[in-house]
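Each chain is listed here by its residues.
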Amino acid sequence: MKAGRKEQKPDRRRSPKAPAGGKRVTLPRALSKLGFCSRTQAESLILAGRVSVDQRMVRDLQHWVDLEIARIAVDGEAVVAQQLRYLMLNKPRGLVTTRHDPEGRPTVFDCLKGQDQTHLSPVGRLDKASEGLLLFTNDTEFAQALLDPETHVPKTYHVQVDGIPGEAQLQAMVRGLQHEGEWLSARRAALIRSGARNAWLEIVLEEGRNRQIRRMLEVLDMACLRLVRVAIGDVVLGDLEKGGVRPLTGDEVAGLRQRAKPGGASS
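Residues numbered from 1 in each chain as written. Predicted model: local features only at pLDDT ≥ 70, side-chain atom pairs only at ≥ 80, totals over all residues. Heavy atoms only, no water.

Here we come to the overall build of the chain. Each helix and strand in the chain was counted, giving six helices and 17 strands. For the chain, the proportion of its 267 residues judged to be buried stands at 42%. Residue pairs at least 24 apart in sequence account for 64% of intrachain contacts in the chain once pairs closer than 6 positions are excluded. Per element, the accessible surface of the chain, about 15600 Å² overall, is 48% carbon and sulfur. (Helix = DSSP H or I, 4+ residues; strand = E, 2+ residues; numbered from the N terminus. Buried < 20%, exposed > 50% of the residue type's maximum accessible area, 1.4 Å probe, protein only. Contact = heavy atoms within 4.5 Å. Areas by Shrake-Rupley, 256 points an atom, 1.4 Å probe, with all protein chains shown as cover.)

Residues with a pLDDT of 70 or more make up 90% of the chain, whose mean pLDDT is 88. Here residues 1–16 scores under 50 on pLDDT; set against residues more than four positions off or in separate chains, the count is three contacts. (pLDDT = per-residue confidence, 0-100.)

Another point: the UniProt feature "domain: RNA-binding S4" (unreviewed entry) in the chain. Feature annotation in UniProt assigns "domain: RNA-binding S4" (unreviewed entry) to the following positions: residues 27–62. In residues 27–62, the share of helix is 44% and the share of strand is 14%. The end C-alpha atoms are 7 Å apart. (UniProt positions renumbered as here; feature names shortened; annotations may be inferred.)

Turning to helix 6 (residues 250–259), a few remarks are in order. Because each turn of an α-helix spans 3.6 residues, side chains separated by three or four positions in sequence point in the same direction. E252, V253, L256 and R259 are the residues of helix 6 that are buried. Angularly, the buried residues of helix 6 cover 120° about the axis, an arc narrow enough to put them on a single face. Projecting away from the buried face of helix 6 at angles above 90 degrees are the exposed residues G250 and D251. Of the surrounding secondary structure, the elements contacted by the buried residues of helix 6 are strand 7 (86–91), strand 9 (131–137), helix 3 (140–147), strand 15 (224–232), strand 16 (235–236) and strand 17 (245–247). (Arc of directions from axis to C-beta.)

By volume, the largest pocket amounts to about 690 Å³. What lines the largest pocket is a set of 33 residues, and nearest its centre among them are R125, L126, G208, R209 and R229. For the lining of the largest pocket, the elements supplying multiple residues, two or more each, are helix 3, strand 10 (155–161), helix 5 (212–219) and strand 15. Residues of the lining of the largest pocket, tallied by class, amount to 13 nonpolar, nine polar and eleven charged. The residue makeup of the lining of the largest pocket includes at least three contributed by each of domain 2 (86–150 + 236–260) and domain 3 (154–232). In this structure, the second largest pocket spans a volume of roughly 290 Å³. Only strand 8 (121–122) and helix 3 provide two or more residues apiece to the lining of the second largest pocket. The biggest single contributor to the lining of the second largest pocket is helix 3, with four residues. Grouping the amino acids of the lining of the second largest pocket by side-chain chemistry returns five nonpolar, nine polar and one charged. (1 Å grid on protein atoms, 1.4 Å probe; cavity = no way out; pocket = protein on both sides within 12 Å on 5 of 7 lines; lining within 4 Å. Points joined across faces, edges and corners; volume = space filled by probe spheres on them. Nonpolar A, V, L, I, M, F, W, Y, C, P; charged D, E, K, R; others polar. Domains from an automatic or database assignment.)

This part covers the sheet that holds strand 6 (residues 77–78). On the basis of which strands lie adjacent, the open sheet formed by four strands has the order 3-2-5-6 and antiparallel pairing. Where the open sheet ends on each side, the last strands, each with one partner, are strand 3 (56–57) and strand 6. (Pairing = 2+ DSSP bridges.)

Before going further, it helps to spend a moment on the side chain of T107. For T107, the position within the fold is in the loop between strand 7 and strand 8. Reaching out from T107, the side chain makes a polar contact with the backbone oxygen of T98 at a distance of 3.3 Å. Contacts of T107, omitting those with residues within four sequence positions, involve L95, V96, T98, R99 and D101. (Polar contact = N/O pair within 3.5 Å; in protein donor to acceptor, adjacent residues only side chain to side chain.)

With that out of the way, let us pick up the side chain of R214. Inspection of the secondary structure assignment puts R214 in helix 5. In this structure the side chain of R214 is engaged in a polar contact, spanning 3.2 Å, whose partner is the side chain of D127. A polar contact is formed between the side chain of R214 and the side chain of S130, at a distance of 3.0 Å. Here R214 is in contact with D127, A129, S130, C224 and L227, once residues within four sequence places are set aside.

This part covers the environment of V51. In this fold, V51 is placed in strand 2 (residues 51–53). Under the relative-accessibility criterion, V51 is labelled buried at 1%. Separated by 24 residues in the primary sequence, V51 and L27 have C-alpha atoms spaced 9.1 Å apart. Filtering out sequence-adjacent residues up to four positions away, V51 remains in contact with L27, L31, L45, I46, R56, M57, V58, I72, A73 and V74.

Counting buried positions along helix 5 yields six of eight residues, so the element is predominantly enclosed. When we look at burial in helix 5, the residues that qualify are Q212, I213, R214, R215, M216 and L217. Summarising the contacts, the buried residues of helix 5 are in contact with strand 10, helix 4 (167–175), strand 11 (177–179), strand 12 (182–184), strand 14 (199–205) and strand 15. One or two positions beyond helix 5, positive phi appears at D221, with a value near 60°.

A word on the packing of aromatic side chains. The full count for this structure, using the stated rule, is two aromatic pairs. Between the aromatic rings of Y86 and F142, the centroid separation amounts to 5.0 Å while the plane-to-plane angle is 75°, which identifies the pairing as edge-to-face. With Y86 in strand 7 and F142 in helix 3, this pair connects stretches of sequence that are 56 residues apart. Side by side, Y86 and F142 carry an identical accessibility label, which is buried. Seen from their ring centres, F109 and F136 are 5.5 Å apart, and the 80° between their planes marks the pair as edge-to-face. Taken together, the positions of F109 in the loop between strand 7 and strand 8 and F136 in strand 9 put the pair 27 residues apart, joining distant regions of the chain. (Phe/Tyr/Trp six-rings, centres within 6.5 Å; stacked < 30°, edge-to-face > 60°.)

Next up, the structure:
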């Protein structure tokens, strides 16, 4: 064995630790924090060779940048911090939650005409037949936190059904129901009012499965006549007119941020 040891070179394949000082983040997160796109979209742009830092193309997803000094560009165009915006829409029935629909159907973005739509995206979805509160933002990290099932941010719906469910049916929704091999449950289900042939329910969800409420009602042999989302966390639809848009208040944004922290919605 030779005297002395060769100095080990660092393994470049491993994710480097965050450098100290400054506002340093990985490049995908930088694009997200600047409001340009989501981290997933940023990763695709980086791997495609479309992102440069200080005029040098970067394909490394673990490349660290200092947000205070780095010059980041996508396709040669400088990326600058976007003013963060948070809007709510009272979505009318019949609109699809997408920016462009291949079938040419009206979309929720038709309600945002006259608004600066730069990098605005809906936070989650409401299907075409559903109505009510839909949030939009260019703050991708805020949106991801609200949608993360681990944060359990409650969404409240008022639902009209073609029948009058009993307490056993309401409790079954809370305990959980199986639909096509998937387990679905509500945080709460309660009767608001009933008539001779139908009733209105208040249903609170902490997860966002596709058509979750409609599927649970289907298992219980009830049809959904109307479905209106009336609140997300402590942000309520209120008296915002159908198709109306307004910015969230600072308190509303702060409240949602608190809710979106782990354990924040448990109270």
